[in-house]
Structures are given as structure tokens and as C-alpha cells.
Amino acid sequence: MEQVRSADGTEIGYERQASASPGSWSSPVVCLHGTGVTRQVWRRFLRRAAGATFVVPDRRGRGASGDTDPWTFERELEDVAAVAAAEAPDGPVTLFGSSFGGLVAMRVAERIAVDRLVLYEPPMPAVTIPDSETLGVADEVDCRLQAGDRESATRVFFEEATGATGVEDWPIWPDCVALAETIARECHVVESFEPRQLSVPTLLFRGAYSPAYLQDGVGVLADLLSDTRTVEVDAAHAGVATAPDRIVTALRSFLA
């Protein structure tokens, strides 16, 4: 386990996996997980990945990483910049963001040297479908947290925002509930996020069984960004955990 100090002094923990069979891709791939989970969501993906060095942080407020109060989205960007500077001081890095991690990756790509961007369904309901029922998720999560019902707050997020079912039967469910406050704050970012143009070559993943607004968001990015390739995965929104083989195959092709 590695540690780096972010701009505000918070310690950010991350893992580094160097490939036993190095490929032609020299830039480290920084993998950013989504809302309500930790770096462990990348575990199956990492067991199959090779040809590059993969750097996998716990985003602040979970796992091996610290946090500060008040939290702001800006702190998340500084965290990733600190990890990137530690692993590639002369740059560049490749950023792979899953779900909310994709929003972080897009903003970080505006401020550090990034040679490739990989995004799995960054959530943008406010942009893709303004009348979406998911627009009220942030307030709903807040209300349930204020009432002291952490499990309900966590459940409504996963069911309404990601389309997941049977969440209380997940082995990681207690860990997800422990992250309820981080879920609420990230939902508010999602509902106000606006994507901006980027010139970085970008690989977009879309889950075949994901909610429509997430699939539509991938289409928005494909139209907005200047250099994109889209791959559909036979999975839902948690594709980095449930369909790692397809993702690794597409990633290798993209990096090559």
C-alpha cells in the first residue's frame, strides 16, 4: 500500500500493480472508482489486466484514504493530481474513471498531463435527460440520512441511480452503508455536473443493461469529445467488477 499527501494535507492511500509482462504502454493507468464503493471494486479487473502499471487509489473518505470537513469536489481533483505526480512526476498518465470516478477523471484531465482517458458511464442526468426521475436522488439520500436511516439512504442511491437490485444481499453491503455520507455529497455533484470539451483520446464504455440515462450520457460524451471510441459491455453499471474480461480486451486495444 502506498501513501501520498494531497494539497490540503490529507493522506491518500493507493495500490500499485506493475505488470509481470510489460507491454508497450509506459504511462501508468490511474483507476478511479465510483460512488459508494472503494478501490476493491477493481479487484477482478486487476487480476486480468496486464501490459501496464495500474495505480488504484481509495478516493478520499473511504478505505485507506483520509478526509476533511467540509468536503468539496475540488479536493478530489487535487487527490488524483497528487497520486499522478507521485507515480509519473514527468507525466503523462492514463485516467480510467468508473461512474463518478469518470467525472473526476474528466476534470483532472484539464489540469494535468493525460495521454488517454477511459470512462465507464460517467453519470450526467442533468445534462442527458433533464426530466429524469433520478434528478431527485441527492435530496432523497440527504433526507434519509438526516432521519438516521443510513441503509435506506444507501439503498435508494443504488436502486434509483444505478439500477441495481438485491443490494442488501451484496457481500459488500455493510461497507457501502458505511459510506453513506460520501454517497450524498457525490450525488449533488452529479446533478450539477456539465461535461466540457476535451481533446484527449477517449475510450467510452456503455453497459447494455444500464439505466437509460447512463447509456444516454455516454452518447452525449461521444458527441461532445473530439476523439472517442465507444464499446458496449454485456453488463450493467458495475461493469468494471462484473465484466472485467471484455473491459480488459478493449482497454488493451485502445492503449495499443
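Quick note: structure is the one above.
This section reports on the structure supplied with the text. Owing to the predicted nature of the structure, the values given are computational and were not obtained by experimental measurement.

## Looking at the overall build of the protein
Helix and strand counts for the protein come out as 11 helices and 8 strands. Rg of the C-alpha trace for the protein: 17 Å, near the compact-globule value of 18 Å for 256 residues, within the 12% margin. For the protein, the C-alpha atoms occupy an extent of roughly 50 × 40 × 35 Å along the three principal directions. Long-range contacts, defined as pairs at least 24 residues apart, comprise 72% of the intrachain contacts of the protein with a sequence gap of at least 6. Surface summary for the protein: the accessible area is close to 10,600 Å², and the carbon and sulfur share equals 47%. The distance from the centre of the 23 positive side-chain charges to the centre of the 38 negative ones in the protein is 7 Å.

## Some remarks on unusual backbone geometry
A negative phi angle characterises most non-glycine residues, just as the trans form characterises most peptide bonds. Pro-70 follows Asp-69 through a cis peptide bond whose omega is 5°. Within the secondary structure, Pro-70 sits in the loop between β4 (53–57) and α2 (73–87). In this structure, the amide linkage connecting Gly-91 to the following residue, Pro-92, adopts the cis form with an omega of -10°. The residue Pro-92 is located in the loop between α2 and β5 (93–98) in this model. Positive phi values are uncommon outside glycine, yet Ser-99 reaches one of about 55°.

## Overview of the side chain of Asp-58
Within the fold, Asp-58 resides in the loop between β4 and α2. For Asp-58, a relative accessible area of 0% puts it in the buried group. Reaching out from Asp-58, the side chain makes a polar contact with the side chain of Arg-39 at a distance of 2.5 Å. Contact partners of Asp-58, with chain neighbours within four places excluded, come to Met-1, Ile-12, Gly-13, His-33, Thr-38, Arg-39, Gly-63, Ala-64 and Ser-65.

About the thresholds
Residues numbered from 1 in each chain as written. Predicted model: local features only at pLDDT ≥ 70, side-chain atom pairs only at ≥ 80, totals over all residues. Heavy atoms only, no water. Helix = DSSP H or I, 4+ residues; strand = E, 2+ residues; numbered from the N terminus. Rg over C-alpha atoms; globule rule 2.2 N^0.38 Å. Contact = heavy atoms within 4.5 Å. Areas by Shrake-Rupley, 256 points an atom, 1.4 Å probe, with all protein chains shown as cover. Lys, Arg positive; Asp, Glu negative; His and termini not counted. Charge placed at Lys NZ, Arg CZ, Asp CG, Glu CD. Buried < 20%, exposed > 50% of the residue type's maximum accessible area, 1.4 Å probe, protein only. Polar contact = N/O pair within 3.5 Å; in protein donor to acceptor, adjacent residues only side chain to side chain.

Functional significance is not addressed by these values, which are geometric in nature.
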